[in-house]
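Descriptive structure summary
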Amino acid sequence: MPLRLGILGGTFDPVHLGHLRAAEEAMEFLGLDQICFVPVALPPHKLEKNIVSFESRWRMLQLAINGNPRFCLSDMELRLPGKSYTVNSLKNFGKENPGTELFFLVGYDAFFEMDTWYEYKKIFALADIVVLCRPECRQDEILEFATGKVSGLYEAVPGTGRIGHPELCSIYNLLNTRMDISSTRIRELAAQRRSIRYLVPDSVWSYIAENALYQKGSGGPVNFELARNGDG
Ligand code: ATP
Ligand code: MG
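Residues numbered from 1 in each chain as written. Chains lettered and ligands numbered in written order. Predicted model: local features only at pLDDT ≥ 70, side-chain atom pairs only at ≥ 80, totals over all residues. Heavy atoms only, no water.

Quick notes on unusual backbone geometry
The linkage connecting Asp13 with the following residue, Pro14, adopts the cis geometry, with an omega of 0 degrees. Note that Pro14 resides in the loop between strand E1 (4-10) and helix H1 (17-30). Cis peptide bonds are those with omega within 30 degrees of zero, and the linkage from Arg134 to Pro135 qualifies with -15 degrees. On the secondary structure map, Pro135 appears in the loop between strand E5 (128-132) and helix H7 (139-149). Within the chain, Arg193 stands out as a residue other than glycine whose phi angle is a positive 60 degrees. For Arg193, the position within the fold is in the loop between helix H8 (183-191) and helix H9 (202-210). Positioned with a positive phi, Ala212 is a non-glycine residue whose angle comes to about 50 degrees. Ala212 gets classed as partly exposed once you look at its relative accessible area, which sits at 37%. (Helix = DSSP H or I, 4+ residues; strand = E, 2+ residues; numbered from the N terminus. Buried < 20%, exposed > 50% of the residue type's maximum accessible area, 1.4 Å probe, protein only.)

Structure (structure tokens):
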């Protein structure tokens, strides 16, 4: 039986329980053998933003997946030269794992940006796409996007969550548990010295605290400006 390999790319700044739970549910629903987390080295869409070092994001991912033998970590996007393009990574995963069936996991928000990605149409021929609810989740919108931006021949297969195509790979709408957690929110909370516990694994929580990630400057436990003007 060919290996069924899930791939979840992202900035993972930081990895959180929304990523981990969605990956776990995708693995179960689609009978995947493994899910590889692929942190982007140079995200083309986030070049202007400050993101923590690849090493720190990698370390947090290591801590997060520790203990789950079906989760793996890939440095694919670090090894490929230049900007991180999903199409190149998927081609390489295919080359390095011949005979493996690839499933590209993507959150509901990121899916609808795929038409801005480099050579995006090729992605739909390289791997089944698994769209994760986050927490929005509308199969009709996914179908509309796929038919409008990729190919008019996509059709929903009733009762399966699958959108099929005569030549291209399938698109799945995974009805995963909706977890309204984002790295952006976690960074904001950490910057305000507020708790991020139970949004990330405990080990990641400790790592962020020990390394004072996402905190601007040092200083006391409460930021005076935020205490006065904060959104809490
Ligand atoms: P940021 O707020 O910095 O964009 P993020 O929480 O969206 O961070 P990413 O690293 O951008 O995290 O996400 C990697 C992938 O995981 C993307 O496809 C994203 O849509 C998906 N994802 C992120 N959070 C969730 C969640 N809570 N549930 C399901 N999918 C998610
Ligand atoms: Mg994101």
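Section: the layout of surface pockets
The calculated volume of the second largest pocket comes to roughly 160 Å³. Lining the second largest pocket are Asn50, Ile51, Val52, Arg187, Ala191, Tyr214, Gln215 and Lys216. Along the lines of polarity and charge, the residues of the lining of the second largest pocket split into four nonpolar, two polar and two charged. (1 Å grid on protein atoms, 1.4 Å probe; cavity = no way out; pocket = protein on both sides within 12 Å on 5 of 7 lines; lining within 4 Å. Points joined across faces, edges and corners; volume = space filled by probe spheres on them. Nonpolar A, V, L, I, M, F, W, Y, C, P; charged D, E, K, R; others polar.)

Structural notes on the environment of Arg138
Here Arg138 is to be found in the loop between E5 and H7. We classify Arg138 as partly exposed; its relative accessible area is 43%. With 30 residues separating them in the primary sequence, Arg138 and Tyr108 have C-alpha atoms 8.8 Å apart.

Points about the packing of aromatic side chains
By the definition in use, this model includes 10 aromatic pairs. Note on Phe112 and Phe145: the rings are 5.4 Å apart at their centroids and 80 degrees apart in plane angle, and the pair reads as edge-to-face. Residue Phe112 is found in the loop between helix H5 (108-111) and helix H6 (120-126), and its partner Phe145 is found in helix H7; the two are separated by 33 residues along the sequence. Residue Phe112 is classed as partly exposed on the basis of its relative accessible area of 26%. An aromatic cluster is present here, built from Tyr108, Phe111, Phe112, Phe124 and Phe145 joined pairwise through their rings. (Phe/Tyr/Trp six-rings, centres within 6.5 Å; stacked < 30°, edge-to-face > 60°.)

Comments concerning the site of ligand 1
Around ligand 1, the structure places 22 residues, and the nearest of them are Gly107, Asp109, Arg134, Ser183 and Thr184. Contact between ligand 1 and Gly107: an oxygen atom at 2.8 Å from a main-chain N or O atom of the residue. Here a nitrogen atom of ligand 1 and a backbone polar atom of Met179 are 2.9 Å apart. Looking at the shell around ligand 1, the elements that each hand over two or more residues are E1, H1, strand E4 (101-107), H5 and H8. When grouped by side-chain class, the residues that make up the shell around ligand 1 number eight nonpolar, 10 polar and four charged. (Near = heavy atom within 4 Å. Polar contact = N/O pair within 3.5 Å; in protein donor to acceptor, adjacent residues only side chain to side chain.)

Here's the deal with the sheet that holds E5
What holds strands together in a sheet is hydrogen bonding between their backbones, with the strands either parallel or antiparallel. Strands sit in the order E3-E2-E1-E4-E5-E8-E7-E6 across an open sheet of eight strands; the sheet is mixed. Two strands close off the open sheet at either side, each with one partner strand: strand E3 (71-73) and strand E6 (155-157). Here the average twist between neighbouring strands, direction ignored, is 25 degrees. The pairing of strand E2 (residues 34-39) with E3 spans three bridges and is classified as parallel. Paired with Phe37 across the strands is Leu73, a residue of E3. (Pairing = 2+ DSSP bridges. Axes fitted to C-alpha atoms, helices over the stretch in contact; angles between N-to-C directions.)

Regarding the confidence of the model for the protein chain
Close reading of the predicted structure is inappropriate where its pLDDT is low. The predicted model of the protein chain averages 90 in pLDDT, with 89% of residues at 70 or higher. Between residues 218-232, whose pLDDT stays under 50, and residues either more than four places distant or in other chains, the model counts 12 contacts. (pLDDT = per-residue confidence, 0-100. Contact = heavy atoms within 4.5 Å.)

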